[in-house]
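In case you want the letters, here they are:
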Amino acid sequence: MTLKPELASFDAGSINLGGARSLSMIRPFSTRRFDDENSRRQAGIEIFDLGMLMTALRMREEGKLDDPLYFQFVLGPMGAPATPKSLLHLYEHLPPHATWSTIGIGKDPCRWP
């Protein structure tokens, strides 16, 4: 069975999620490749900070991601603050024709029972 999702999530970098039980998402640059054309067209790129956005734009320049790009800005305590100023700063770096959305993370996202 071959799955054909409309959109697949792609984290454009590593992030330390902090908290009492710290959790880090480690994404070495070499593993962030989309080799087939279908994957590159279906990537929804999750952005936690400006560094991740710049990595995604570099991947676009290298032909590893195709236009139009879709970005999901994830704002909150682990990356860029959930403020209008942070969102505007990220928005100002978007390439033409990119689409975007944003979500906010709560104050204690790593609290586990």
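The paragraphs below set out a description of the structure included in this document. All of these numbers come straight from a predicted model, not from anything done at the bench. (Residues numbered from 1 in each chain as written. Predicted model: local features only at pLDDT ≥ 70, side-chain atom pairs only at ≥ 80, totals over all residues. Heavy atoms only, no water.)

### Here we look at unusual backbone geometry
The phi angle of most residues is negative, glycine excepted, and most peptide bonds adopt the trans form.
Link 1 in the chain: For the peptide bond that leads from D67 to P68, omega is -5 degrees, which places it in the cis range.
Link 2 in the chain: With a phi close to 70 degrees, H97 is a non-glycine residue in the positive phi region.
Link 3 in the chain: Here H97 lies in the loop between α3 (84–91) and β6 (99–104).
Link 4 in the chain: Residue classification places H97 among the exposed residues on the basis of a relative accessible area of 73%. (Helix = DSSP H or I, 4+ residues; strand = E, 2+ residues; numbered from the N terminus. Buried < 20%, exposed > 50% of the residue type's maximum accessible area, 1.4 Å probe, protein only.)

### Description of helix α2 (residues 50–61)
Link 1 in the chain: For α2, which comprises twelve residues, the first-to-last C-alpha distance of 17 Å matches the rise-based estimate of 16 Å (1.5 Å per residue) to within 8%.
Link 2 in the chain: Inspection of α2 places M52, L53, T55, A56, L57 and M59 among the buried residues, and these make up the whole buried set.
Link 3 in the chain: The opening residue of α2, the one whose side-chain oxygen lies 3.1 Å from the backbone nitrogen of G51, is D49.
Link 4 in the chain: G63 sits one or two positions beyond α2 and adopts a positive phi of about 80 degrees. (Expected span 1.5 Å × (residues − 1). Polar contact = N/O pair within 3.5 Å; in protein donor to acceptor, adjacent residues only side chain to side chain.)

### As for the packing of aromatic side chains
Within a pair of aromatic rings, the relevant descriptors are the distance that separates the centres and the angle that separates the planes.
Link 1 in the chain: According to the stated counting rule, one finds three aromatic pairs in the structure shown.
Link 2 in the chain: A ring pair is formed by F73 and W100, whose centres lie 5.9 Å apart and whose planes are at 40 degrees; its orientation type is tilted. Of this pair, F73 sits in strand β5 (residues 70–75) while W100 is found in strand β6, placing the two residues 27 residues apart along the sequence.
Link 3 in the chain: What makes F73 buried here is its relative accessible area of 0%.
Link 4 in the chain: Counting every residue linked through ring pairs, the aromatic cluster contains F71, F73, Y91 and W100. (Phe/Tyr/Trp six-rings, centres within 6.5 Å; stacked < 30°, edge-to-face > 60°.)

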